[in-house]
Amino acid sequence: GVLGLTLLTLLLEVFLIFRPMVKQVANQMESLKQVSKNLNYEVTERDKTQIALQKSRNELEIRVEKRTADLTKEITERTLAEKNLIKAKSVAEIANRAKSDFLATISHEIRTPLNGIMGMTELLIEKRLTGKKQFYAEMIQISGKSLLRVINDVLDFSKIESGEINFEEEAI
């Protein structure tokens, strides 16, 4: 008995001494559980945020790559179009010079024999031909002058078009 009572008393005293400490440890354990829970929540939320940021970054990089590709394509197309325009302009200028040269050569080639025809017609008209022959000679002369005016107009137009004509100022 007495020993059992002493042991029981001793145990009760130890329990009473350690009880506040046990409660304090239990409270601290509960607090640690709550802190751990909060930390786990914060880590989970941080991980979610990082995943969302990474997803946004990946999407943005894809958009930037696409836009860069689009701009590169557009620049390439514009550069090609510009080169084609420069080439077309050069071809047009060459064609225009060739046209002007052709018109100058043809007009000279036509004018020379036409001047011969007109000169000979003038000589015929001066001889005072008879009847229909005089009429025919005058018609040749009128037609020749008309043809010469047309050739001169074509040449003048060609010169104006190529910028080779100089206008003179006259007092009115």
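An account of the accompanying structure is given in this report.

Conventions adopted
- Residues numbered from 1 in each chain as written.
- Predicted model: local features only at pLDDT ≥ 70, side-chain atom pairs only at ≥ 80, totals over all residues.
- Heavy atoms only, no water.
- Helix = DSSP H or I, 4+ residues; strand = E, 2+ residues; numbered from the N terminus.
- Buried < 20%, exposed > 50% of the residue type's maximum accessible area, 1.4 Å probe, protein only.
- Contact = heavy atoms within 4.5 Å.
- Salt bridge = Lys/Arg side-chain N within 4 Å of Asp/Glu carboxyl O.
- Patch = residues over 30% accessible without salt bridge, like charges linked within 9 Å, V, L, I, M, F, W, Y side chains within 5 Å.
- Areas by Shrake-Rupley, 256 points an atom, 1.4 Å probe, with all protein chains shown as cover.

Moving on to the environment of Gly 144. Along the chain, Gly 144 turns up in helix α2 (residues 131-162). On the basis of relative accessibility, which here comes to 7%, the residue Gly 144 falls in the buried class. For the pair Gly 144 and Glu 126, spaced 18 residues apart in sequence, the C-alpha separation works out to 16 Å. Once you skip the residues sitting within four places of it in the chain, Gly 144 turns out to touch Leu 114 and Met 118.

A word on the pattern of salt bridges. As enumerated under the stated definition, the model contains six salt bridges in all. Its salt-bridge partner being Glu 61, residue Arg 57 comes within 3.1 Å of it at the nearest N-O pair. Placement of both Arg 57 and Glu 61 in helix α1 (residues 2-126) is noted, with a separation of four residues, approximately one turn of the helix. You can call Glu 61 partly exposed: its relative accessible area is 36%. The partner of Glu 77 in a salt bridge is Lys 73, with the nearest N and O atoms 4.0 Å apart. Note that Glu 77 and Lys 73 are positioned in helix α1 at a spacing of four residues, about one turn of the helix.

Looking at where Thr 121 falls in the secondary structure, it is placed in helix α1. Residue classification places Thr 121 among the buried positions, given a relative accessible area of 3%. Not counting residues up to four positions away in its chain, the partners in contact with Thr 121 are Ala 137, Ile 140 and Gln 141.

Side chains of Leu 7, Leu 10, Leu 11, Val 14, Ile 17, Phe 18, Met 21 and Val 22 sit close together on the surface and give an oily, nonpolar patch of about 770 Å² of accessible area. Topologically, Val 22 is positioned in helix α1.

This brings us to the side chain of Gln 141. On the secondary structure map, Gln 141 appears in helix α2. With sequence-adjacent residues up to four places away left out, Gln 141 is seen in contact with Thr 121, Glu 122 and Ile 125.

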